[in-house]
Amino acid sequence: MRYVGIAAVVIVAGAVVWWALAKPPAPTASPPQTPPEDSSAAPSSTPTPTLPAGVVLNFVDTTAAAGIDFQHVDGRTDMEYLMDSTGSGAAWLDYDQDGLLDLFLVQGHPFVPPYPAAGTAAASKLYRNLGNGRFQDTTASAQVAHVGCGQGAAVGDFDNDGFPDLFVTCYGKPNVLYHNVPDGKGGRKFENVTARAGMATHPDWADRPNWSTSAAFLDYDNDGLLDLFVCSYVRIDLAKYPDCVQAATQKHTPCPPLRFAGTVCVLYRNRGDGTFADATKEAGVNAPNAKSLGVVALDLDDDGRIDIFVANDGVPNFLFRNLGQGKFESLGPACGCLVNGVGNPQAYMGVAAGDLDGDGRPDLYSTAFAQEANSFFRNLGKLRFIDATNGSGLGPPSWHRLGFGTCALDVDRDGNLDLVVANGHVMAHIDRDGNPNNTFRQPPLLFVNDGRGRFRDFSRQAGVAFQKNYVGRGLALADYDNDGRVDLYLADSGGKAVLLHNEGQTPNHWIRLELVGTKSNRDAVGAKVTFQVGGRTIVRHREAGGSYLSAHDPRLLVGLGPAERVDRIEIRWPSGLVQQFEALAGDHSYRLTEGTAAAERRP
């Protein structure tokens, strides 16, 4: 997270002063790097955009009605440690395989005294989806009451047994790998297999605390087993922690990442026997100076191999090209998505991937700090990207926002991927600067896509929930009630859970696919799916990771526009098998299994 030009900060340890609301350096003064025309200071200056006939956007906060009662603990102290400001995330997973997405919420914890009394510390929670919009707290019976400075979560069936497993990232203690196993009563529970899997220690933790953030299960070597990529953030030494003070308030503020040394992300290779090997160096993803917060993995160059994009905070991003045979190449700045369009690293946080301009190639969208525009990296093919933020409509609305979680979803089901962003500052006292556009709690953003990579901000028309302010961090999408509309979970750091039910209206149709690999990894991560719909081609990918500290619904929910059926679906499985399914009716869900000719209707 970058702080230059945001607030006056005195870093006593380094005798460095950052001046209040200073003009950004000249290289960042490109069109999207200017204050937005539709800022809250002058909302009437921008005409209210209109939606197509019959389309209504409306997300409703149904947290209490759903039975979800969760209060996040951020551990924030007067010192405003950087670690106070990053968590946390959430994960959607159908842990009992009843066809309904359950919700795992990551909990934080103080990492300096005073600590909660023994047995009183808040824990992560798992809510089982009962249907009809209701959830039940099954944390105790599922044995996932993780206590610690939780950051994020990733989901993947690492043993291909048909039940999703869970990985929780942490600060200050080892990450946790939970294996989904029978509970002996006809249900499911989780077993902590971290030590058995070989993840309880790491050489890098010998001289620093573990600080893992986002993670993604992916099959990088295409052996049919899900491996695990784990983002690593900065190196912390509490004994030598910098003293960072906000000049305007004379209060401590989170120190920027430039005050800390970088680290190295970790890639674990799945051995297939329940254990994992550290393959970071061997695979070529041991790029130095990682300050990594977001990751997404999918086939970005259409060669059938899964690539990895990592969003870094204040230093250039990483793009790892999969060369095959378990090897990656770390691409340089010429790939076009490591820095913004004028060559500057930004404080990138979360990331969304998908075909945002309708050309069939997956693009990248990454959130950034306040007074840095979020970046839209258009995929030009052959792992070449261009910063297409200028003119896309995505830059100005994000100027005053500090973005974290983000996701690509088709909110109006017209076949085009829209974008949602969770926002919230890291400085708890930023409101005392007196700038109404630069606040601690911030509303989320919703952008509607015209299909050609041009977006309009429809946040004000997205329902009451989008008018509220949050300290937004994780953001995870799922159609938790299986009604063909994408719902959202927004993690409010230090606040209550926020479940947003999509109660919008649209005349457009949809189809949902659950992909099941057989020769490929069972989750089919890395698959490319092409839809032929009424003369139109729509391309989607089964990706790994995405957003910030969070895990999405693993199923593909695709808008069909006015078409009532899909003429043809082609799947290129990670194994290389290409399979086609003909004439599937819209407004239904299907399970498509690798090597099986018939589609199976699902709830």
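Residues numbered from 1 in each chain as written. Predicted model: local features only at pLDDT ≥ 70, side-chain atom pairs only at ≥ 80, totals over all residues. Heavy atoms only, no water.

### With respect to the packing of aromatic side chains
Part 1 of the argument: Per the counting criterion, the structure on display carries 19 aromatic pairs.
Part 2 of the argument: When the ring of phenylalanine 111 is compared with that of tyrosine 171, the centres are 5.5 Å apart and the planes differ by 70 degrees; the resulting orientation is edge-to-face. Placement of phenylalanine 111 in the loop between strand S5 (102-105) and strand S6 (125-131) and of tyrosine 171 in strand S9 (residues 165-171) is noted, with a sequence separation of 60 residues between them. Grouping residues by exposure puts phenylalanine 111 and tyrosine 171 together as buried.
Part 3 of the argument: What links up through ring pairs into an aromatic cluster is the set Tyr81, Phe111, Tyr171, Trp211, Tyr233, Tyr241 and Phe260. (Phe/Tyr/Trp six-rings, centres within 6.5 Å; stacked < 30°, edge-to-face > 60°. Helix = DSSP H or I, 4+ residues; strand = E, 2+ residues; numbered from the N terminus. Buried < 20%, exposed > 50% of the residue type's maximum accessible area, 1.4 Å probe, protein only.)

### A few points about the pattern of salt bridges
Part 1 of the argument: All chains considered together, the criterion is met by 27 salt bridges.
Part 2 of the argument: With a closest N to O distance of 3.3 Å, aspartate 450 and arginine 454 form a salt bridge.
Part 3 of the argument: Note that aspartate 553 and arginine 555 form a salt bridge whose closest N and O atoms lie 2.9 Å from each other. (Salt bridge = Lys/Arg side-chain N within 4 Å of Asp/Glu carboxyl O.)

### Section: the UniProt feature "domain: ASPIC/UnbV" (unreviewed entry) in the protein
Part 1 of the argument: Under the UniProt annotation, "domain: ASPIC/UnbV" (unreviewed entry) lies at residues 524-590.
Part 2 of the argument: From the first C-alpha to the last, residues 524-590 spans 15 Å; its make-up is 0% helix and 58% strand. (UniProt positions renumbered as here; feature names shortened; annotations may be inferred.)

### Focus: the nonpolar core
In globular proteins that are soluble, nonpolar side chains generally tend to be buried together.
Part 1 of the argument: In terms of nonpolar packing, the biggest core is built from 37 residues, with Phe167, Leu177, Leu218, Phe229, Ile308 and Phe320 touching the most fellow members.
Part 2 of the argument: Listing elements by their share of this core, those giving two or more residues are strand S12 (212-218), strand S13 (227-232), strand S16 (266-270), strand S18 (292-298), strand S19 (307-312) and strand S20 (318-324).
Part 3 of the argument: Those residues in contact with phenylalanine 229 that sit more than four places away from it in its chain are Ser214, Ala215, Ala216, Leu218, Cys265, Val266, Leu267, Val285, Val295, Ile308, Val310 and Phe320.
Part 4 of the argument: Among the nonpolar cores identified, the runner-up in size contains 29 residues, and Val112, Ile236, Phe260 and Ile430 belong to it. (Core = buried A, V, L, I, M, F, W, Y, C linked by side-chain atoms within 4.5 Å. Contact = heavy atoms within 4.5 Å.)

### Quick look at the sheet that holds S20
Part 1 of the argument: In space, the 5 strands of this open sheet follow the order S21-S20-S19-S18-S36, with antiparallel pairing throughout. Strands with a single pairing partner mark the edges of an open sheet, and in this sheet they are strand S21 (327-330) and strand S36 (544-545).
Part 2 of the argument: Bridge analysis of S18 against S19 gives 6 bridges, and the strand direction is antiparallel. Its bridge partner being in S19, valine 296 is matched across the sheet by phenylalanine 309. (Pairing = 2+ DSSP bridges.)

### Remarks on unusual backbone geometry
Glycine aside, negative phi is the norm for most residues, and most peptide bonds take the trans geometry.
Part 1 of the argument: Cis geometry marks the peptide bond from glycine 87 to serine 88; its omega dihedral reads 5 degrees.
Part 2 of the argument: Tracing the chain through its elements places serine 88 in the loop between helix H1 (63-66) and strand S4 (90-93).
Part 3 of the argument: Here the bond from proline 113 into proline 114 is cis, since omega is 5 degrees, no more than 30 degrees from zero.
Part 4 of the argument: Note on placement: proline 114 falls in the loop between S5 and S6.
Part 5 of the argument: Phi is positive for glutamate 80, which is not a glycine, with a value near 50 degrees.
Part 6 of the argument: Note that glutamate 80 resides in the loop between H1 and S4.
Part 7 of the argument: Here asparagine 289, not a glycine, exhibits a phi torsion of approximately 60 degrees, which is positive.
Part 8 of the argument: Within the secondary structure layout, asparagine 289 lies in the loop between helix H4 (280-283) and S18.
Part 9 of the argument: Of the residues examined, asparagine 289 reaches a relative accessible area of 38% and is grouped as partly exposed.

### A word on the domain arrangement of the protein
Part 1 of the argument: Each assigned domain of the protein is listed here: domain 1 (59-509) and domain 2 (510-602).
Part 2 of the argument: On a C-alpha basis, the centres of domain 1 and domain 2 stand 23 Å from each other.
Part 3 of the argument: Counting residues at the interface gives 71 residues for domain 1, matched by 41 residues for domain 2.
Part 4 of the argument: Carbon and sulfur atoms supply 49% of the area that domain 1 and domain 2 bury against each other, a total of about 3900 Å² over both sides.
Part 5 of the argument: When the area that domain 1 buries against domain 2 is broken down by residue, the three leading residues are Asp302, Gly415 and His509, summing to 15%.
Part 6 of the argument: Put simply, domain 1 and domain 2 have 4 salt bridges between them.
Part 7 of the argument: Arginine 512 is paired through a salt bridge with aspartate 479; the nearest N and O atoms lie 2.6 Å apart.
Part 8 of the argument: Where domain 1 touches domain 2, the interface holds 32 residue pairs in polar contact (both at pLDDT 80 or more).
Part 9 of the argument: The set of elements that each furnish at least two residues to the side of domain 1 that touches domain 2 consists of S4, strand S8 (149-156), S12, S18, strand S22 (351-354), strand S26 (403-409) and strand S30 (472-478).
Part 10 of the argument: A class-by-class count of the residues in the side of domain 1 that touches domain 2 yields 31 nonpolar, 27 polar and 13 charged. (Domains from an automatic or database assignment. Buried area = accessible area lost by both parts, 1.4 Å probe. Polar contact = N/O pair within 3.5 Å; in protein donor to acceptor, adjacent residues only side chain to side chain. Nonpolar A, V, L, I, M, F, W, Y, C, P; charged D, E, K, R; others polar.)

### Observations concerning the side chain of aspartate 102
Part 1 of the argument: With respect to the helices and strands, the residue aspartate 102 is situated in strand S5.
Part 2 of the argument: Nearest to the buried, unbridged aspartate 102 among oppositely charged side chains is arginine 128, at 5.3 Å.
Part 3 of the argument: Here the side chain of aspartate 102 touches tyrosine 95 through a polar contact of 3.0 Å, landing on its backbone nitrogen.
Part 4 of the argument: Those residues in contact with aspartate 102 that sit more than four places away from it in its chain are Ala91, Trp92, Leu93, Asp94, Tyr95, Asp96, Tyr127, Arg128 and Asn129. (Lys, Arg positive; Asp, Glu negative; His and termini not counted.)

### What to know about the pairing of strand S24 (residues 375-381)
Part 1 of the argument: Within S24, 5 of the 7 residues are buried, leaving the element largely enclosed by the surrounding structure.
Part 2 of the argument: Two strands pair when backbone bridges link them, and S24 and strand S25 (residues 384-387) are joined in this way by 4 bridges, in the antiparallel orientation. Pairing of asparagine 379 across the sheet is with phenylalanine 385, part of S25.
Part 3 of the argument: Connecting S24 to the next strand, S25, in antiparallel fashion are 2 residues, including lysine 382 with a positive phi near 55 degrees.

### Details of empty space enclosed by the protein
Part 1 of the argument: Using the criterion set out here, one finds 6 cavities of 30 Å³ or more in the structure.
Part 2 of the argument: By volume, the second largest cavity is sized at about 100 Å³.
Part 3 of the argument: Taken together, 15 residues line the second largest cavity, and the ones lying closest to its centre are Asp74, Met83, Gly108, Gly150 and Gln151.
Part 4 of the argument: By residue number, the principal contributor to the lining of the second largest cavity is S8, which donates 3 residues. (1 Å grid on protein atoms, 1.4 Å probe; cavity = no way out; pocket = protein on both sides within 12 Å on 5 of 7 lines; lining within 4 Å. Points joined across faces, edges and corners; volume = space filled by probe spheres on them.)

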